[in-house]
Amino acid sequence: MKNIVSILILSLVSIFMPFHLGAQVPGLEEAVKAYNAGEYLKSASLYEEIAKNSGVSPELFANMGNAYAKAGDYGHAFLCYERGLYLNPSDKEMRNNRAYILSKIEDGNKANAKGKKVSVTPDSPSFFSKVSEYVKHSHTSDTWAVWGGVCFVLLCGCVAIYFFCQEVLIRKIGFFGGIGLAFLSVLFLWFSFASAKACMSHNQGVIMGYKVALLTEPFSTAKQSSIPLERGTKLDVIDIEKGKDEKPEWYKVRLNSDIIGWIPASEFEVI
């Protein structure tokens, strides 16, 4: 019995043991210096180069978003924060920065409405939509998988207790505890797949153009279907019109039930 408990403790410790890697990223020092000197666009550009050459990380997106925000480019700032939170949903500072930028964008959209009775915020989500959003974007797929692994290890312990322990009460605890842990293992595994699928779906994007009005049809001469929307407005993608080279030329997007229409791919960036 003592050996089983020791194995369980060692397994849990190994799962939660942090793993750090230190690396000197080329160009990082120059980007930080440019930011501290107030050269925010230069700093953002340097961070973009780092992303291309060395790959991305939550910290890189956070710093890049801060540089764009200081430069007044709320579109790129919001996009960086969104992408950073996809990689690390638990970053509270990045969430707060995103919320601040979002308030500025919504204020701009309200001003663009010019008193018209039109909503400039997303529709209120249902209870099930809130639950789905929490599962997909509150934690990374790796985090859900870790919790699933923890439950599976504990499940093995409950099975061992049930088969090797002689006391009836403890065997009952092992039996019913094992049933609950089996359910949680499967549930967390499903959460992990749902979170990973959401990150790969690319069904949301951000307006990158200046005061863009959505159109009723996917061509430039179509009528406007909405008020002008601020750079940085986040929209759901519901359809794509591709060109001859199979690259997206137009996106049909939705903010809410009032604001739906088409936007050129050149003025829209998928998250």
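Each chain carries its own residue numbering, running from 1 in the direction its sequence is written. With the structure being a predicted model, the display of local features is reserved for residues of pLDDT at least 70 and the display and counting of side-chain atom pairs for 80 or more, all residues being used for whole-chain, interface and lining totals. By convention in this description, side-chain values take in all heavy atoms of the structure and omit both hydrogens and water.

**Observations regarding the overall build of the protein chain**
The numbering of helices and of strands both runs from the N terminus, where a helix is a DSSP run of H or I of at least 4 residues and a strand a run of E of at least 2. When helices and strands are counted, the protein chain shows nine helices and five strands. Along its sequence from the N terminus, the protein chain presents helices and strands in the succession α-α-α-α-α-α-α-α-α-β-β-β-β-β. Just to be clear, the radius of gyration here is over C-alpha atoms, and the globule rule we use is 2.2 Å times residues to the power 0.38. Relative to a compact globule of 271 residues, whose C-alpha radius of gyration would be 18 Å, the protein chain shows 24 Å and is clearly more extended. The principal-axis extent of the C-alpha atoms belonging to the protein chain is close to 80 × 45 × 40 Å. Residue burial is assigned from relative accessible area. The probe radius is 1.4 Å, only protein chains are included, and a residue is buried under 20% of its type maximum, exposed over 50%, and partly exposed in between. Each of the 271 residues in the protein chain was classed as buried or not, and the buried ones make up 36%. For the protein chain, restricting intrachain contacts to residue pairs at least 6 apart in sequence, the fraction spanning at least 24 positions comes to 57%. The accessible surface values rely on the Shrake-Rupley method and a 1.4 Å probe; as for residues, cover is taken only from the protein chains in view. Surface exposure of the protein chain reaches about 16600 Å², of which carbon and sulfur atoms provide 60%. Under the counting rule used here, the positive set is Lys and Arg, the negative set is Asp and Glu, and His together with the chain ends is not counted. The location of each charge is read from NZ of Lys, CZ of Arg, CG of Asp or CD of Glu. Seen as two clouds, the 28 positive and the 27 negative side-chain charges of the protein chain have centres 6 Å apart. Contacts were defined at the residue level, with two residues in contact if any of their heavy atoms lie within 4.5 Å.

**Regarding the pattern of salt bridges**
Only one rule defines a salt bridge in this text: a Lys or Arg side-chain nitrogen within 4 Å of an Asp or Glu carboxyl oxygen. Evaluated as defined, the whole model comprises seven salt bridges. Here glutamate 29 ties to lysine 33 by a salt bridge, and the two come within 3.4 Å at their closest N and O atoms. On the criterion of helical spacing, the pair formed by glutamate 29 and lysine 33 is a turn pair, its members being four residues apart in helix α2 (residues 28-36). Overall, the relative accessible area of 48% leaves glutamate 29 in the partly exposed class. For glutamate 39, the salt bridge identified is with lysine 42, shortest N-O distance 3.9 Å. Glutamate 39 gets classed as partly exposed once you look at its relative accessible area, which sits at 39%.

Spatial relationships are all this shows, so hold off on functional conclusions.
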